[in-house]
Structures are given as structure tokens and as C-alpha cells.
Amino acid sequence: MTTHAAQLPMLLMGPMVRRAEQTGVCIVFATSTPAQCQINILNTQSVSEQQTITLGERLYLHFVVVKPASTPFALDTLIAYQLIINGNEVDLSAWAYSNQVTPAFVIPNKLNSILHGSCRNAHHPAKDSLVTASQWQNTQRSQNTPGAQLLLLSGDQVYADDVAGPMLLVIHQLIEKLGIYKEQPMALPLPNKIDEQLYNRHHFLPKTPWQKRSKLGVGYWLKKDEPHFSSVKAFNHLIHFEEFIALYLLNLSAAAWQCVDLQNAQYTGKNQEHQRIFNAEKSALLGYAKGLNEVEKLFANVSTLMMFDDHDVTDDWNLTAGWEQAINQNPSSKRIINNGLISYWLFQGMGNDALTKTGALIPPFKQSLSANNQWQFKAFDKPLNEFNHWHYELTTTPKVVVLDTRTHRWRNESNFNEPSGLLDWERLTELEESLLSHDKVIIVSPAPVFGVKSIEAIQAAFNICGQPLMVDVENWMAHEGSAKKLLDTFRRTDTPNETLILSGDVHYSFCFSVQKRFGDHPNRIWQLTASGIKNEFPRKLINVLDKLDSILYGPKSPLNFFTKRWHMEVDKHQTLGEGQKYLVSDSAISLITLDNGDLSRYQLIHGDGHTTEFDLEHK
């Protein structure tokens, strides 16, 4: 069903509670008209500070930071709020849970319940586990308990490089419906009509001619041009800034789908395989859109913090120095990457620190809009690319340290085709300092620090053959320097006794416990990996890799001594109940339960509603 401009819903994106602290809470939402906005914390005197960014003729993104007028906000207890727009209270009952009149959230201090996940691909056939997470949260609230205090999303909240055909069509419908401001045209030979671009965009993305490639590479001798964007699903890769903006709205907002007509979207080409894919993607997207009302409830009732991984921008983002060099030498490639980063800043990054540091980018961003409402980002790219505060921390108990493993890479200066380290020396040193003098810490690392050894061995083999991009060689052990520095940090005697590492990225879930083989410091590390929220690894293949890992890297296997982490004893934990396994490929979000800062339960809430729990005792 389409909506005329005059009939657009006022709230285009419901309230999202982002960073929540005693000194202030950041709430983000979008409207279709200009608005003077205020958030009132019920039963508490508060003041609001509004920052609005105009993204289109009928699209206004609002950041409201509400602060206590005198007494600091209460900790670890439900706080209800109301939204005032242009002097009138907005009915937020649609975003409230069943036993509440308005949405309510918790400002976490002593953490005991956390939801964590990654990898939410809108058109994947798996069910959206954010929907079931919201239903679980609703059950907790109906029992008069706060439920989860935090929702941590550790990467691939959107897939800008893997866009469904029907999604690309409705993206362009939404751009026109909301009058989203467009950027200056690029020098790409794209067909004029969006219908003609479906499943063909990868042909028009920039490539490096084979003559300009190194003679050490296989592609040079096969006379194959190398695409700058290495995603194998780049058929509908996002290109323009306005497309990124529309994609975020369609991933976060139920109202955005009221403005487009997915039901009647059609593939007009003659390729039968594309027609089959289109139909399957359309069916998945129709189900996805139906669940967004429930997802918005979750965002409105739980403080939600995020971090990018590669698909938020593009697959293999900054994986090697050679990849970076190819991108930076082409204006169109660089523009696409920056478009992804700007959109991340708008819809994810600014809420993480309540505009404290990220807000410094607002003035130059607004100056990028020309008099004829066209984005011209050339001047803005410099401060954007120089910004180095995407990482952040929470002063909770345990302390939460969220890592940016994409823009602080430890590049291999001698071989540009070798994988870069996920963090450079400077950031690893800062991480080390963050861990000292803390008894318990939670680290959010988009990629697992302690991954599955058999899979990492396969990745290493591809890397030796000069193909790191083919199998996403993005694990912490792939770079000698960063691996050694990180493991040396964990082996120190003054690091936390209990460290939880929350990771995603890999599209399957697992639970490992890690301790030093030598020394008397009783430190324990839990590697808790939850992936994906709406994505899955091929199940038959993951079962094979699970068995292969148990055979090759069992506790007494001599192969363990050839890994970079042989000084650390890594134990795998099985699931409870029937069909015990170590690796779980079934769309899910994790529920982490703490007891005085120590891990007491690790569960998966699956998209179809059932739960899986890992046995934390038996290894």
C-alpha cells in the first residue's frame, strides 16, 4: 500500500533508546515534518537538548539528549518516558510493552542481563530473532522485572553490499516518497532505470585492470580485472548516499514500509534465475517487514549500543592494505565507502556516545548540503576519515569495552596482500590499559578473538595461496603482531580475573572458555559468539567443520602446539539437551546472564522461539 506525501506517518522511525547513563540519555527517532522535540522522564525533573539533521524534504532525524534537572537518574530500575512534539504529547503506546502505558528503559549499572547479537540480513530466509528477543523482553516486563538491561549489536546491522532485488526497488520508492536529498552524481556507467540495474550492479562497480595489477598475482596472468568490491553478492550493492539512508529506515522502521509498495514490486527482466531469486527475496522481505513493529518495541525499551563490521559498509572493508589502496585510488570506490560510513555515523555511531565526540561531525556534514539540496561531500570526507573515536566504553560493572576493528588496522607494510591486524599497536596498547585494575570486563569484538581452529587453518591455507579475500581471513590470529600483543595482554597477571568477549561475524554461535596454560593468575576468558540475528552458516557444512575441529584439535592433539595461542588452553562447551554440539547455525540472539559480574548462563534465543543453552561446566 502506497502513501501520499500528505498521509505520511509523523513518526517515520520510532524512538530508539541509545546510550543511557545517570547524567543523560540519548533517544533517536525520525519524523516526516520539522519538529520541536522534547523527552520527559516521568516522575523526574529533566531537561532536553535537541539536535536535528534534515535528510530530505520529508525526513528529519532527531537526537534528543535528556538530562536530569537536579537529582541524577535512577540506576538499574525501569524509567518511563514520554515524547513531546511541537507542544503535543505523542501517543507511544504502540511502542510500549503489554503492562506499560509508555516505553521504559533501564540505565544499567550492575549488569546482570544482556542481549547480544550480530548479522541481520533482511532477506535471509531465517526468522528475525530480534522479534523473539522483543517477545522475551515483553514476558519479563509482564512479570514486573526489567529484563535485559542492554542490547549490544556487534556488527552487520545492515548489509549494504548484499541487497535484495525487491529491497533495491523499494529503496528507490522510499527515496522519492520522502524526497531524500541526493548526492552529486558519480562517474559510473549505470543504466538510467533502476529496473535495469537489478542483479547487474557489480558489472558497473570500479575494477582494477589486469595490466595494472602485480605480476605476483594469479589474476594478472589470467588477464582478469579485479573488482574493488570483493563481496560475492554485490549484484545490488548500494552506491548512492540516499540509498544508504533509505536502507537504514527500511531496516529499523515499520512506518517506512507503509510508504512503499513491496507487494506489487516486480522483476521485469527475462533472466529466469533472477526471477526465482527475486520471488524468494520478496517473500522473505514481506515477513521481515511484519516483524518490525515488535523490533521497534525492543529498541524503544532497551538501551541499544552498536558497532560496525564490514557489511555495514561493504564486505572485506579494510581487510588488506592492498584492498584499501585500490579503493582510495578510485574516486567512485572511495565515495561508496564514505557513503556507508556517513550513514553508519547517522543511524548508529552518534547514539553510541550521545553525540559527545561524534557530534563534532555535524557542522561540516550540514555544510555539505548545497543551495539546491544536493550533497557534496568532498570537503566532509576529510574530517570523516580523520575521525578516530568510533570505539567507546561503558562505566558499568563489569566495564564494557567496545572495539572498532575496522578503522584502526595494523597494516602489513611489506606485503599489501596479507591480512591486516584487527587493531594497530596504539589501540592494542589502549585496550591493555583499559583492562588493567579491573576485576571483570566485557569486551565487544566484532570478530571472535578465539575462533574455531579448523576454520582458521583453512583460512590460513587460502592466505598462503594469496587469496585472503576469498574466505574472509579476518581473525585475530591472522596477523602476527596483533595476535602476539593481544595474547600477551591476556597473559598478564594484572588483567581481569573474568573477561567476557562478545563477538559475531561468523554466522554461527559457540561458547569457549580460555585460561593460561602456565602461571598462577586465575584469569578466565569466555569467548561468547552469537551470529547471526537473521543469518545462518550452511548447516551441513558447519556440522562437518565441527567434527573436523574436534578430530584435528582435540585436547591432546599435537596440532595445538602449532597455533599462535598454544600458551592459552581453549576449551569448547557443548549445548545442553539432545543433539549436543559445539557450533550452532540457527538464527539467534544471545542472552547473557551474570551473577556478580561472573557468567552464570549463556543462552541463544532463536528466531523461531526455541532456546539453546550452553553447558558452562562440562568442556
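Scroll up to find the structure.
### Regarding helix α9 (residues 331-352)
Look at α9: 30 Å from first C-alpha to last across 22 residues, which is about the 32 Å you get at 1.5 Å a residue. Counted residue by residue, α9 has 20 buried out of 22 residues, so it is predominantly covered. A positive phi of about 55 degrees marks A354, the residue just after α9.

### Thoughts on the pattern of salt bridges
When their charged atoms lie close together, side chains carrying opposite charge are able to pair. Counting across every chain of the model gives 26 salt bridges. Salt-bridge contacts for E57 lead to R58; the nearest nitrogen and oxygen are separated by 3.2 Å. Here E536 and R539 are joined by a salt bridge, their closest N and O atoms 3.1 Å apart. Taking relative accessible area as the criterion, R539 reaches 43% and is therefore assigned partly exposed. Within the structure, one salt-bridge network assembled from shared partners comprises E432, K485, R492 and D494.

### Considering the pairing of strand β18 (residues 440-444)
Along β18, four of the five residues are buried, which leaves the element largely enclosed by surrounding structure. The pairing of strand β17 (residues 399-402) with β18 spans four bridges and is classified as parallel. Its bridge partner being in β18, V401 is matched across the sheet by I443. A crossover links β17 with its parallel partner β18, the connecting element being helix α12 (residues 425-435), and its sense is right-handed. With five bridges connecting them, β18 and strand β19 (residues 498-503) associate as parallel partners. Residue pairing for β19: K440 is matched across the bridge by E498.

### Some words on the nonpolar core
Ranked by internal contacts, the top residues of the largest apolar core, which has 130 residues, are L55, M167, W257, W345, L346, F347 and F365. When neighbours within four sequence positions are excluded, L346 is seen to be in contact with I53, L55, L61, F63, F241, I245 and F365. In this structure, L435, V449, F510 and L583 belong to the second largest nonpolar core, which totals 33 residues.

### Side note on the sheet that holds strand β5 (residues 59-68)
Within the open sheet, the four strands sit side by side as β1-β2-β5-β4. Their pairing is antiparallel. If you trace the sheet from one side to the other, it starts and ends with β1 (11-21) and β4 (46-56), each paired once. In this sheet, neighbouring strand axes are inclined to one another by 15 degrees on average, regardless of whether the strands run parallel or antiparallel. Pairing of β1 with strand β2 (residues 24-31) involves six bridges; the strand directions are antiparallel. Across the sheet, L11 pairs through a bridge with T31, a residue of β2. Seen against the sheet, helix α4 (residues 241-252) touches β1, β4 and β5 and runs at an angle of roughly 80 degrees to β1.

### Concerning the packing of helix α2 (residues 165-178) against α4
Between two packed helices, what matters for the description is the angle formed by their axes and the separation of those axes. Orientation of α2 relative to α4, taken along the N-to-C sense of each, is 100 degrees, at an axis distance of 9 Å. Considering the angle they form, α2 stands roughly perpendicular to α4. Each of M167, L168, V170, I171, H172, L174, I175 and L178 in α2 lies in contact with α4, whose residues at this interface are E242, E243, A246, L247, L249, L250 and N251. Looking at the contact of α2 with α4, its residues break down into eleven nonpolar, two polar and two charged.

### Some remarks on the sheet that holds strand β20 (residues 510-516)
Across the sheet, which stays open at both edges, the seven strands sit in the order β16-β17-β18-β19-β21-β20-β22 with mixed pairing between neighbours. With partners counted over all chains shown, the strands left at the sheet margins are β16 (392-394) and β22 (568-572), one partner each. On average, each strand axis in the sheet is tilted by 20 degrees relative to the strand beside it, whichever way the strands run. In this sheet, strand β21 (residues 524-529) lies alongside β20 in antiparallel orientation, the contact comprising five bridges. Looking at β21, one finds that F510 is bridged to T529.

### Focus on the environment of E296
As for its placement among the helices and strands, E296 is situated in helix α7 (residues 292-301). On the basis of relative accessibility, which here comes to 5%, the residue E296 falls in the buried class. Taking the C-alpha atoms as reference points, E296 and A94, separated by 202 residues in sequence, lie 9.3 Å from one another. Once you skip the residues sitting within four places of it in the chain, E296 turns out to touch M13, G14, P15, W95, L252, S253, A254 and A255.

Quick notes on the rules
- Residues numbered from 1 in each chain as written.
- Predicted model: local features only at pLDDT ≥ 70, side-chain atom pairs only at ≥ 80, totals over all residues.
- Heavy atoms only, no water.
- Helix = DSSP H or I, 4+ residues; strand = E, 2+ residues; numbered from the N terminus.
- Expected span 1.5 Å × (residues − 1).
- Buried < 20%, exposed > 50% of the residue type's maximum accessible area, 1.4 Å probe, protein only.
- Salt bridge = Lys/Arg side-chain N within 4 Å of Asp/Glu carboxyl O.
- Pairing = 2+ DSSP bridges.
- Right-handed = clockwise from strand over helix to strand, strands pointing away.
- Core = buried A, V, L, I, M, F, W, Y, C linked by side-chain atoms within 4.5 Å.
- Contact = heavy atoms within 4.5 Å.
- Axes fitted to C-alpha atoms, helices over the stretch in contact; angles between N-to-C directions.
- Parallel < 35°, antiparallel > 145°, perpendicular 65-115°, else oblique.
- Nonpolar A, V, L, I, M, F, W, Y, C, P; charged D, E, K, R; others polar.

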